Amino acid sequence: MFNNISCKENISSEAAKRQIHNQIIKAQRGIIYDRNKNILAMSLPAKTLCINPHKLYQYKDRSSLKKLSQILGVKYTILLKTINKHKNKKEYYLKRHVSKTIYLKVINLSDPNIYFISENKRSYLGGEAFSNILGFTDIDDHGQEGIELIKNDSLKPIDGNKRVKKDNIGRSIETVEVIKKPNPGENIVLTLDKRLQIIAYDVLKKYVNKSDAESASIVLVETSTGNILSMANYPSFDPDKRSAYKGKKIKNRVIHDLIEPGSTIKPLIIYAGLENKVIDKSTVIDTAPGVLVLDNTEVKDWKYLGKVSPEEIIKLSSNIGAAKVSSKLTKKQLISNLDNFGLGQSLFLNLPGAKIGSIPSPNELKDSEHLSIGYGYGLSVSLMHLVNA
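Residues numbered from 1 in each chain as written. Predicted model: local features only at pLDDT ≥ 70, side-chain atom pairs only at ≥ 80, totals over all residues. Heavy atoms only, no water.

J.: Teacher, can you tell me more about the overall build of the protein chain here?
T.: When helices and strands are counted, the protein chain shows 16 helices and 14 strands. Counting only C-alpha atoms, the protein chain reaches 115 × 45 × 40 Å along its principal axes. Counting over 389 residues, the protein chain shows a buried share of 40%. Sequence separation of at least 24 residues holds for 70% of the intrachain contacts in the protein chain that already meet a minimum separation of 6. (Helix = DSSP H or I, 4+ residues; strand = E, 2+ residues; numbered from the N terminus. Buried < 20%, exposed > 50% of the residue type's maximum accessible area, 1.4 Å probe, protein only. Contact = heavy atoms within 4.5 Å.)

J.: Can you help me understand helix H9 (residues 194-211) in this one?
T.: In an α-helix, one turn spans 3.6 residues, which is why side chains three or four residues apart end up on the same side. Between its first and last C-alpha atoms H9 spans 26 Å; for 18 residues at 1.5 Å apiece the expected length is 26 Å, and the two agree. Within H9, the full set of buried residues consists of Lys194, Gln197, Ala200, Tyr201, Leu204 and Val208. The buried residues of H9 occupy an angular sector of 125 degrees when projected down its axis, which confines them to one face. Facing away from the buried side of H9 by over 90 degrees, the exposed positions are Arg195 and Lys210. Considering only its buried residues, H9 is in contact with strand E3 (39-51), helix H6 (131-134), strand E9 (216-221) and strand E10 (228-234). (Expected span 1.5 Å × (residues − 1). Arc of directions from axis to C-beta.)

J.: Just checking my understanding: could you explain the pattern of salt bridges for this structure?
T.: Opposite charge on two side chains permits them to pair, given that their charged atoms come into close proximity. With the rule as written, the count across this model stands at 12 salt bridges. Here Asp159 and Lys26 are joined by a salt bridge, their closest N and O atoms 3.2 Å apart. Here Asp159 is found in the loop between helix H8 (152-155) and strand E6 (160-166), whereas its partner Lys26 is found in the loop between strand E1 (20-25) and strand E2 (32-33), with 133 residues between them in sequence. The exposure class of Asp159 is partly exposed, given its relative accessible area of 26%. Take Lys26: its relative accessible area is 37%, and that puts it in the partly exposed class. One salt bridge in this structure joins Lys156 and Asp153, with 3.7 Å as the shortest N-O distance. Beyond isolated ion pairs, a larger network of salt bridges with shared partners links Arg29, Arg122 and Glu148. (Salt bridge = Lys/Arg side-chain N within 4 Å of Asp/Glu carboxyl O.)

J.: Looking at this model, I keep getting lost on unusual backbone geometry. Mind explaining?
T.: Working note: non-glycine residues mostly have negative phi, and peptide bonds are mostly trans. Cis geometry is found at the peptide bond from Tyr234 to Pro235, where omega equals 5 degrees. Mapping Pro235 onto the fold places it in the loop between E10 and helix H10 (253-256). Look at the link from Ala288 to Pro289: it is a cis peptide, with omega at 5 degrees. Structurally, Pro289 can be placed in the loop between strand E11 (285-286) and strand E12 (291-294).

J.: How should the packing of aromatic side chains be read in this particular structure?
T.: Two numbers describe a pair of aromatic rings. These are the distance of the centres and the angle of the planes. Under the counting rule described, the total for this entry stands at 7 aromatic pairs. Centre to centre, the rings of Tyr271 and Phe341 are 5.5 Å apart; their planes meet at 75 degrees, and the pair counts as edge-to-face. With Tyr271 in helix H11 (residues 266-275) and Phe341 in the loop between helix H14 (331-340) and helix H15 (367-372), the pair connects residues that are 70 residues apart, well separated along the chain. By relative accessible area, Tyr271 is classed as partly exposed at 41%. An aromatic cluster of at least three residues, connected via ring pairs, comprises Phe136, Phe237 and Tyr245. The residue whose ring lies beneath Lys37 is Tyr33, and the NZ or CZ to ring-centre distance is 4.7 Å. (Phe/Tyr/Trp six-rings, centres within 6.5 Å; stacked < 30°, edge-to-face > 60°. Lys NZ or Arg CZ within 6 Å of the ring centre and 35° of its normal.)

J.: Can you help me understand the pairing of E3 in this one?
T.: Within a regular strand, the side chains alternate between the two sheet faces. Pairing of E2 with E3, which is carried by 2 bridges, proceeds in the antiparallel orientation. Of the residues in E3, the one forming a bridge with Tyr33 is Ile39. Taking the residues that link successive antiparallel strands as the turn, the E2-E3 hairpin has 5 residues, and the phi of Lys37 there is positive, at about 65 degrees. Bridge count for E3 against strand E4 (residues 92-95) is 3 bridges, and the pairing is antiparallel. Its bridge partner lying in E4, Ile51 is registered against Tyr92. (Pairing = 2+ DSSP bridges.)

J.: Looking at this structure, how should I read H11?
T.: Here H11 has its buried residues at Lys266, Leu268, Ile269, Ile270, Ala272 and Gly273. On the buried face of H11, the contacting elements are helix H12 (310-315), helix H13 (319-328) and H14. Lys277, located one to two residues past H11, shows a positive phi value of around 60 degrees.

J.: Explain the packing of helix H3 (residues 63-72) against helix H5 (residues 100-107) to me, please; I cannot follow it from the model alone.
T.: Look at H3 against H5: their axes get within 10 Å of each other, and the N-to-C directions meet at 170 degrees. The angle between H3 and H5 places the two elements in the roughly antiparallel class. The segment H3 lies against H5, with Leu68, Ile71 and Leu72 engaging Ile102, Lys105 and Val106. Residue classes in the contact of H3 with H5 are distributed as 5 nonpolar, no polar and 1 charged. (Axes fitted to C-alpha atoms, helices over the stretch in contact; angles between N-to-C directions. Parallel < 35°, antiparallel > 145°, perpendicular 65-115°, else oblique. Nonpolar A, V, L, I, M, F, W, Y, C, P; charged D, E, K, R; others polar.)

J.: Is there a simple way to think about the nonpolar core in this case?
T.: Side chains of a nonpolar character, in soluble globular proteins, are inclined to be buried together. Within the largest apolar cluster, 30 residues are counted, with the highest numbers of intra-cluster contacts made by Ile32, Leu134, Ile147, Leu190, Met231 and Met384. Those elements that provide at least two residues to this core are E3, H6, H9, E10 and H10. Formed by 24 residues, the second largest nonpolar core is a distinct cluster that contains Ile279, Val325, Leu334 and Ile335. (Core = buried A, V, L, I, M, F, W, Y, C linked by side-chain atoms within 4.5 Å.)

J.: Just checking my understanding: could you explain a nonpolar patch on the surface for this structure?
T.: Together, Ile199, Val203 and Tyr207 make up an exposed nonpolar region whose accessible area comes to about 270 Å². If you trace the backbone, Ile199 turns up in helix H9. According to the relative accessible area criterion, Ile199 is partly exposed, its value standing at 42%. (Patch = residues over 30% accessible without salt bridge, like charges linked within 9 Å, V, L, I, M, F, W, Y side chains within 5 Å. Areas by Shrake-Rupley, 256 points an atom, 1.4 Å probe, with all protein chains shown as cover.)

J.: Before we go on, may I ask you to explain the layout of surface pockets in this structure?
T.: In this approach a probe as big as a water molecule rolls over the atoms, and the regions it shows empty are the leftover space. Approximately 290 Å³ is the volume attributed to the second largest pocket. Of all the secondary-structure elements, those providing two or more residues to the lining of the second largest pocket are helix H7 (146-150), strand E8 (188-189) and E10. In terms of residue class, the lining of the second largest pocket is made up of 11 nonpolar, 1 polar and 1 charged. (1 Å grid on protein atoms, 1.4 Å probe; cavity = no way out; pocket = protein on both sides within 12 Å on 5 of 7 lines; lining within 4 Å. Points joined across faces, edges and corners; volume = space filled by probe spheres on them.)

Structure, rendered in structure tokens:
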């Protein structure tokens, strides 16, 4: 009545379907190097703790679950609630990227329904000195901030896929076929110099703490090429602590914070005066009587400087001298000069959080601002804008 051979074949076929599963082959994210091929960021193998809630829910002897709760430092009742909540699942990620200590303790439980899978975890060898620049990835190794974000398409890997045979309790026992080979992400080399970056960061840290300042930033550029050798901010954050990935510390202040440039703009004002021929190198600017009144506010130099040359305005950082040179320029000439230096414009750095800043238009420029821009008030720029200028 029945064909025994076809019946056996059908049973074998159904058994194979239940035993063979598709499994992801994790590929590694690309490495980030400094200019000298020192590794700044790389992905390392990590273990993620998984459980089979469907099987664990049916346990009568739950001694292994009690031991697991102790190893993880969670209440036994909470662990049971998690298992109960996901009792219809055959796999649940209980804890991602566990420590070696936890891994060894859990392995000793020898419970096939409590097991590990291999993943990747980003490691930042540059430490806090690079955190604001490199940014970070999420727990799945996807770029979230900084260079990790803007270069995510290059750095991200393409995972592979394979068919594996599992035993009756869900453990992988044999690879049947590799369906798709994994491809690692592309490695990238930055212009940053690790040695210079760490030195710069330590200097910032020293003087911020010494002066009780809120923060400080630094940029070091190779003048012959325009390559950025160092871009550092203090305070920063520990890239190995995921709980630190929030707040102001994760921002790259070099491009994010807008400031009034102050005295750093004076060389640009003198250049504008020379370029537009309203002054020359021999021009004498009289700073007497040593005070300017702008909108009921007195502007003074750090001491009475008397008559100064354009060179001395920069050397002695004369507010009054710079304001008087600025006033010799037309409003259009002044703003056009700042615009030519890239102030108030995009820097095309393609870094997340970069701000453009602002400079007033000639038509909106008040008479008092016409003078105050000379010593860096009345406009906003980032530190990177000043470096670029």
